[in-house]
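Residues per chain, in single letters:
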Amino acid sequence: MKKLLLLTVIVFISTVACKKIDELTQFEMEYNESVVIPSTSGLNLPFNLFTPEVESNSESTFAVNDTRKDLIEEIQLIELELTISSPSNADFSFLKSIDVYISAEGASEKRIAWRDNIPENKSSIQLETTDADLQEFIKKDEFKLRLNTVTDEAMSSDHTIDVHSVFFVDAEILGQ
């Protein structure tokens, strides 16, 4: 009985210790970009908006977190938020749906976030995100986001949308 209790305690302590060590190699990377939806956009027709090339700065971010590209196990998008920065009194009532895609040189474009039935009277919205591993994009020097949107109202002015994304990075423990 004592051996079983001792074995249980050892397994519990080693599990907790491994989780604590694993947390040391997990961190988040945040990116902020803006896109403009022109006032002349058509109704109920999908159209694309592109962010400028986003410098990933992944190598320096990995170095600050004591890891390297070759030690990354997984990168997932955990948050994508859209906020209207201008006009100041605007909300997302003009938007019917949105899909966000990521692309990078040498990698096929992938859908990473979306939202249908956009709520009215909101100047900031959270999108649903994929649980796919996105390291093939974030490890590159640059990546690009494409927003595929459908509007359901006419817009009398351009709308600037800030895109805030947060990626969760999990690296190997001690290079293993």
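Position labels on residues start from 1 in each chain and follow its written sequence. Predicted model: local features are reported for residues with pLDDT of at least 70 only, side-chain atom pairs are reported and counted for 80 or more only, and whole-chain, interface and lining totals are derived from all residues. Excluding hydrogens and water, the side-chain figures rest on all heavy atoms present in the structure.

A.B. asks: Provide a residue-level description of the overall build of the chain, including the pertinent values.
C.D. replies: Scanning the chain from N- to C-terminus turns up three helices and 10 strands. Only protein chains enter the accessibility calculation, which uses a 1.4 Å probe. A residue is then buried if its area is under 20% of the maximum for its type, exposed if over 50%, and partly exposed in between. Looking at the chain residue by residue over its 176 residues, the buried ones come to 39%. Pairs of residues are marked as contacts when any of their non-hydrogen atoms sit within 4.5 Å. Across the chain, the fraction of contacts at a sequence separation of at least 24, relative to all contacts at a separation of at least 6, is 79%. All accessible-area figures derive from a Shrake-Rupley calculation using a 1.4 Å probe, and residue coverage is judged against the displayed protein chains alone. On the chain, roughly 10,200 Å² of surface is accessible, and the fraction owed to carbon and sulfur atoms is 51%. The secondary structure listing takes helices from DSSP runs of H or I that are at least 4 residues long and strands from runs of E that are at least 2 residues long, numbered from the N terminus.

A.B. asks: I'd like to hear about the packing of aromatic side chains, residue by residue, with values.
C.D. replies: Think of it this way: a Phe, Tyr or Trp ring, Trp meaning its six-membered ring, pairs with another when their centres are within 6.5 Å, and the plane angle makes it stacked under 30 degrees, edge-to-face over 60, tilted otherwise. In this structure the tally under the stated criterion is five aromatic pairs. Judged by centre distance (5.8 Å) and plane angle (75°), the rings of Y31 and F167 are edge-to-face. Residue Y31 is found in strand β1 (residues 26-37), and its partner F167 is found in strand β10 (residues 159-171); the two are separated by 136 residues along the sequence. You'll find Y31 and F167 in the same group, each marked buried. Where F92 meets F94, the ring centres are 6.1 Å apart and the plane angle is 25°; that geometry is what we call stacked.

A.B. asks: Pulling in residues and values, what's your account of the pattern of salt bridges?
C.D. replies: Only one rule defines a salt bridge in this text: a Lys or Arg side-chain nitrogen within 4 Å of an Asp or Glu carboxyl oxygen. Inspection of every chain in the model, using the stated rule, returns four salt bridges. Note that K69 and E59 form a salt bridge whose closest N and O atoms lie 3.2 Å from each other. Highlighted residues: K69 in the loop between α2 (58-64) and β4 (72-86) and E59 in helix α2, separated in sequence by 10 residues. Accessibility expressed as a relative area gives 23% for K69, which makes it partly exposed. One salt bridge in this structure joins D70 and R68, with 2.9 Å as the shortest N-O distance.

A.B. asks: Now, about the environment of S165: what can you tell me, with residues and values included?
C.D. replies: Within the secondary structure, S165 is located in strand β10. When the C-alpha positions of S165 and Y31 are compared, they lie 5.3 Å apart, and in sequence the two are 134 residues distant. If near-sequence neighbours (up to four positions away) are discounted, S165 is found in contact with M29, E30, Y31, L77, E79 and L80.

A.B. asks: Which residues make up the nonpolar core, and what values go with them?
C.D. replies: Counting 41 residues, the largest nonpolar core has L80, L82, F92, V100, I112 and L147 as the members making the most contacts within it. For this core, the secondary structure elements donating two or more residues are β1, β4, β5 (95-104), β6 (107-116), α3 (135-138), β9 (142-151) and β10. Examining the composition of this core, we find that six residues originate from one element, β4, more than from any other. Once you skip the residues sitting within four places of it in the chain, I112 turns out to touch L77, L80, V100, Y101, I102, E128, T129, T130, L134 and L145. Throughout this description, the term nonpolar core refers to a set of buried Ala, Val, Leu, Ile, Met, Phe, Trp, Tyr and Cys residues connected via side-chain atoms within 4.5 Å.

A.B. asks: Explain the sheet that holds β10 to me, using residue names and the numbers behind them.
C.D. replies: Judged by pairing direction, the sheet is antiparallel, and its four strands sit side by side in the order β1-β10-β4-β7 without closing on themselves. For this open sheet the edge positions go to β1 and β7 (124-126), each flanked by a neighbour on one side alone. Averaged over neighbouring strand pairs, the angle between their axes works out to 20° when direction is ignored. One ladder, built from 12 bridges, connects β1 with β10; its direction is antiparallel. Of the residues in β10, the one forming a bridge with I37 is H159. For two strands to be treated as a pair, DSSP must find no fewer than two bridges joining them. Throughout, an axis means a line fitted to C-alpha atoms (over the contacting stretch in the case of helices), and angles, computed between N-to-C directions, take values from 0 to 180 degrees.

A.B. asks: Give me the lowdown on the side chain of S93, citing residues and values where you can.
C.D. replies: You can see S93 is positioned in the loop between β4 and β5. The exposure class of S93 is buried, given its relative accessible area of 14%. Any pair of nitrogen or oxygen atoms within 3.5 Å is treated as a polar contact; in protein, a donor-acceptor pairing is required on top of that, and neighbouring residues in sequence qualify only through side-chain atoms on both sides. A polar contact of 2.6 Å, which involves the side chain of S93, links it to the side chain of D91. Look past the residues within four positions of S93 in its chain and what remains in contact with it is E120, D152 and E153.

A.B. asks: Any chance you could break down unusual backbone geometry for me, citing the residues and the numbers?
C.D. replies: A cis amide bond links S86 to the next residue, P87, at an omega of -5°. With respect to the helices and strands, the residue P87 is situated in the loop between β4 and β5. Within the chain, N117 stands out as a residue other than glycine whose phi angle is a positive 50°. By the element assignment, N117 lies in the loop between β6 and β7.

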